[in-house]
Amino acid sequence: MSLASSARRAAAARAERTKAAAFDVRVPMRDGTELSTNVWRPETDEPLPVLLARTPYDKEKAGLESGLMPTPYGMLRGGYAVVVQDCRGTVGSDGVFVPHVDDASDGADTVAWLAEQEWCDGSVGMFGAEGTGRRDRP
């Protein structure tokens, strides 16, 4: 068993007891536009890998409770931090939504911002279906 998987299992055990969440976190893009982002983290001091979904459909709904995507809590139990973000110009995010124009750069900026957070171990993966999972491939 690797050290990373041991840390994820320990974090998952703590996530069962308590979860940390931050809603409408403003993540800055390179042009100053701020994107609205929800963050769920297991209650731990250890840095963890992050799973990211970006959506034009409202991060508050985004299929998280509909069965279309895994719930943040299932991923927390797996030892991951979970981040869901409204795309530029949609719902809670600033800017103007133009399909596919800013997705790559906004996705890259978001991944870089996540990797710099003290609670991230530098690993950022993506999840989602349809537009949600394909919006931010840098």
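Above: the structure in question.
This text gives an overview of the structure that appears in the document. (Residues numbered from 1 in each chain as written. Predicted model: local features only at pLDDT ≥ 70, side-chain atom pairs only at ≥ 80, totals over all residues. Heavy atoms only, no water.)

Observations regarding the pairing of strand 2 (residues 34–42)
For strand 2, a buried count of seven out of nine residues is recorded, marking the element as mostly surrounded by other parts of the structure. As defined by bridge partners, strand 2 adjoins strand 4 (residues 81–86) across four bridges and the pair is classed as antiparallel. Each residue of the ladder has a partner; that of Asn38, found in strand 4, is Val84. (Buried < 20%, exposed > 50% of the residue type's maximum accessible area, 1.4 Å probe, protein only. Helix = DSSP H or I, 4+ residues; strand = E, 2+ residues; numbered from the N terminus. Pairing = 2+ DSSP bridges.)

A closer look at the pattern of salt bridges
Applying the stated criterion to the full structure yields nine salt bridges. Two residues, Asp102 and Arg88, come together in a salt bridge whose shortest N-O distance is 3.5 Å. Placement of the pair is Asp102 in the loop between strand 4 and helix 3 (103–116) and Arg88 in the loop between strand 4 and helix 3, with a sequence separation of 14 residues. Residue Asp102 is classed as partly exposed on the basis of its relative accessible area of 22%. Take Arg88: its relative accessible area is 9%, and that puts it in the buried class. Linking Asp106 and Arg88 is a salt bridge whose minimum nitrogen-to-oxygen distance equals 2.8 Å. With a gap of 18 residues between them, Asp106 in helix 3 and Arg88 in the loop between strand 4 and helix 3 connect regions that are remote in the sequence. By the burial criterion, Asp106 is buried, and Arg88 matches it. Shared partners join several salt bridges into a network, and the residues in it are Asp24, Arg26, Glu34 and Asp94. (Salt bridge = Lys/Arg side-chain N within 4 Å of Asp/Glu carboxyl O.)

Focus: unusual backbone geometry
Despite not being glycine, Asp58 shows a phi value in the positive range, around 95°. Topologically, Asp58 is positioned in the loop between strand 3 (48–55) and helix 2 (72–77). Judged by relative accessible area, which is 12%, Asp58 ranks as buried. Non-glycine residue His100 carries a positive phi angle of around 75°. By the element assignment, His100 lies in the loop between strand 4 and helix 3. With relative accessibility at 62%, the residue His100 sits in the exposed group.

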